[in-house]
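In case you want the letters, here they are:
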Amino acid sequence: MLQVWIDGDLVPAGEARVSVYDRGFRLGEGVFETFRAYGGHVFRRDAHLARAVRGASFLGFELDVDELARAVSRTAEANLPAHDGADSVVRLTATPGRLDPEAPFPGRPVGGPTVVVTSHPLALDPRVHRDGVTATSVPWARELPDVKAVSYLAATVAREHARARGADEALLTDADGAVLEGSGSNVFAVLAGVLVTPPASAGLLAGVTREVVLEVARAQGRQVEERSFAVAELTGADEAFLTATTREVMPLVRVDDVPVGDGRPGPVTAALHEGYRAEVRREAAAAG
Ligand SMILES: Cc1ncc(COP(=O)(O)O)c(C=O)c1O
């Protein structure tokens, strides 16, 4: 049976409860992280946790990184048998906590942050990496883009908008039409042989996967540039791809019904994905 981490301990999934007075539930205050566990190994756990702690601090509450690390690793380990040892998705949700129902409205949270960690089976459609994914651009950005906040409406509405148009992902663009990020991914293009991705300063979530891909690209001796580009430049690219923790590196083959390059997954994407997977294996082996 799946176990959930809540209030400092693991409990059976059906028994985990969050208060109706929780500020995360009431106001969408809080941060989340999605990790991929490769077997029992949670890849780049500490980079995800650092982002969660930074985001919480921006939202005005403090998280104990050691407690989060224990919560994430113990949840991944405890659920390994339930996933038959396969890769899984671990999700951390942390909010400022709950209000005292007796205190004058609106009040401050009492009793410390709410920290919940859940574990889910990872469902991977083999077509994503074999054939690539498609995207539709949407003319809006996420609020507080560098915080992975529990309130994620700009992203989830964009994704539904894209799916309703038959695309896999939405590409959020700014007021000038520059591509920012996917609803749950970062965007890369290969432009005249140079690997280009929008800079974190453009207003996006600087993904953990994005960072690993940049490391891998530099280690492979590739020219890398962080700069903005428009949708038209993206579709005119040699090739493009999206990055996200659960799906790693995904070829991006069509945007707004226009093929990217020749409309097929490209060789740079494949080489970077291979390098990414090698880094996952290296880190898991080093962790024992
Ligand atoms: C809006 C947004 N951008 C980028 C990403 C990619 O981040 P990461 O590589 O850390 O999963 C995500 C992941 O969920 C996201 O939600």
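Predicted model, so just to flag it, every value in this text is computed and none were measured.

A. How the structure looks around the packing of helix H6 (residues 208-219) against helix H8 (residues 267-287). Look at H6 against H8: their axes get within 9 Å of each other, and the N-to-C directions meet at 105°. With respect to each other, H6 and H8 are oriented roughly perpendicular. Along its contact with H6, which presents Val212, Val213, Val216 and Ala217, the element H8 presents Leu272, Gly275, Tyr276 and Glu279.

B. Expanded view of the site of the ligand. Within the structure, the ligand sits among 15 residues, and Leu205, Gly207, Val208, Thr209 and Thr245 are positioned closest to it. Looking at the shell around the ligand, the elements with two or more residues in it are H6 and strand E15 (239-244). With 3 residues, the top contributor of residues to the shell around the ligand is H6. Among the residues making up the shell around the ligand, the classes are represented as 4 nonpolar, 8 polar and 3 charged.

C. Quick peek at the sheet that holds strand E8 (residues 114-121). Judged by pairing direction, the sheet is antiparallel, and its 6 strands sit side by side in the order E2-E1-E8-E5-E3-E4 without closing on themselves. Looking along the sheet, the strands with just one partner apiece sit at the ends: strand E2 (9-12) and strand E4 (41-42). As paired elements, strand E3 (residues 31-38) and strand E5 (residues 88-95) share 7 bridges and run antiparallel to each other. Looking at E5, one finds that Thr34 is bridged to Arg91. Where helix H2 (residues 45-59) meets the sheet, its contacts fall on E3, E4 and E5, and the angle it forms with E3 comes to roughly 175°.

D. Representation of the nonpolar core. Counting 41 residues, the largest nonpolar core has Ala135, Phe188, Ala189, Val213, Leu234, Ala240 and Leu252 as its most contacted members. Ranked by the residues each element gives to this core, the list is headed by H6, at 6 residues. In this structure, Ala135 is in contact with Ala162, Ala167, Asp168, Glu169, Ala170, Leu171, Gly182, Leu252 and Val255, ignoring residues within four places of it in sequence. Ala56, Leu68, Val116 and Ala149 belong to the second-largest nonpolar core, a separate cluster that totals 24 residues.

E. Local environment of the pairing of E2. Relative to E2, strand E1 (residues 3-6) runs antiparallel, the two being bridged by 4 bridges. Its bridge partner being in E2, Ile6 is matched across the sheet by Asp9. Remark: 2 residues form the turn of the hairpin made by E1 and E2, two consecutive strands paired antiparallel; Asp7 in that turn has positive phi of roughly 50°.

F. Representation of the environment of Ala50 within the structure. Tracing the backbone shows Ala50 in helix H2. Separated by 13 residues in sequence, Ala50 and Leu63 have C-alpha atoms that sit 9.9 Å apart.

G. Geometry of the packing of H2 against helix H3 (residues 65-78). Remark: H2 packs on H3, axes separated minimally by 10 Å, with the N-to-C direction vectors making an angle of 130°. It follows that H2 is oblique to H3 by the angle criterion. Relative to H3, the crossing made by H2 is right-handed. Residues Arg45, Leu49, Ala52 and Val53 of H2 form the contact with H3, whose participating residues are Val65, Leu68, Ala69, Val72 and Ser73. Of the residues assigned to the contact of H2 with H3, the class counts are 7 nonpolar, 1 polar and 1 charged.

H. Fine view of the domain arrangement of the protein chain. When cut into domains, the protein chain gives domain 1 (3-121) and domain 2 (126-284). Centre-to-centre separation of domain 1 and domain 2, based on C-alpha positions: 26 Å. Opposite the 23 residues of domain 1 that make contact, domain 2 presents 13 residues. Those elements that place two or more of their residues in the side of domain 1 that touches domain 2 are E3, H2 and E5. The element contributing the most residues to the side of domain 1 that touches domain 2 is E3, with 7 residues. Classifying every residue of the side of domain 1 that touches domain 2 by side-chain character gives 9 nonpolar, 9 polar and 5 charged.

Definitions and cut-offs
Residues numbered from 1 in each chain as written. Predicted model: local features only at pLDDT ≥ 70, side-chain atom pairs only at ≥ 80, totals over all residues. Axes fitted to C-alpha atoms, helices over the stretch in contact; angles between N-to-C directions. Helix = DSSP H or I, 4+ residues; strand = E, 2+ residues; numbered from the N terminus. Parallel < 35°, antiparallel > 145°, perpendicular 65-115°, else oblique. Contact = placed C-beta atoms within 7 Å. Near = placed C-beta within 6 Å. Nonpolar A, V, L, I, M, F, W, Y, C, P; charged D, E, K, R; others polar. Pairing = 2+ DSSP bridges. Core = buried A, V, L, I, M, F, W, Y, C linked by C-beta atoms within 7 Å. Buried ≥ 20, exposed ≤ 12 C-beta atoms within 10 Å, placed from the backbone. Left-handed = near helix turned anticlockwise from the far one by under 90°. Domains from an automatic or database assignment.

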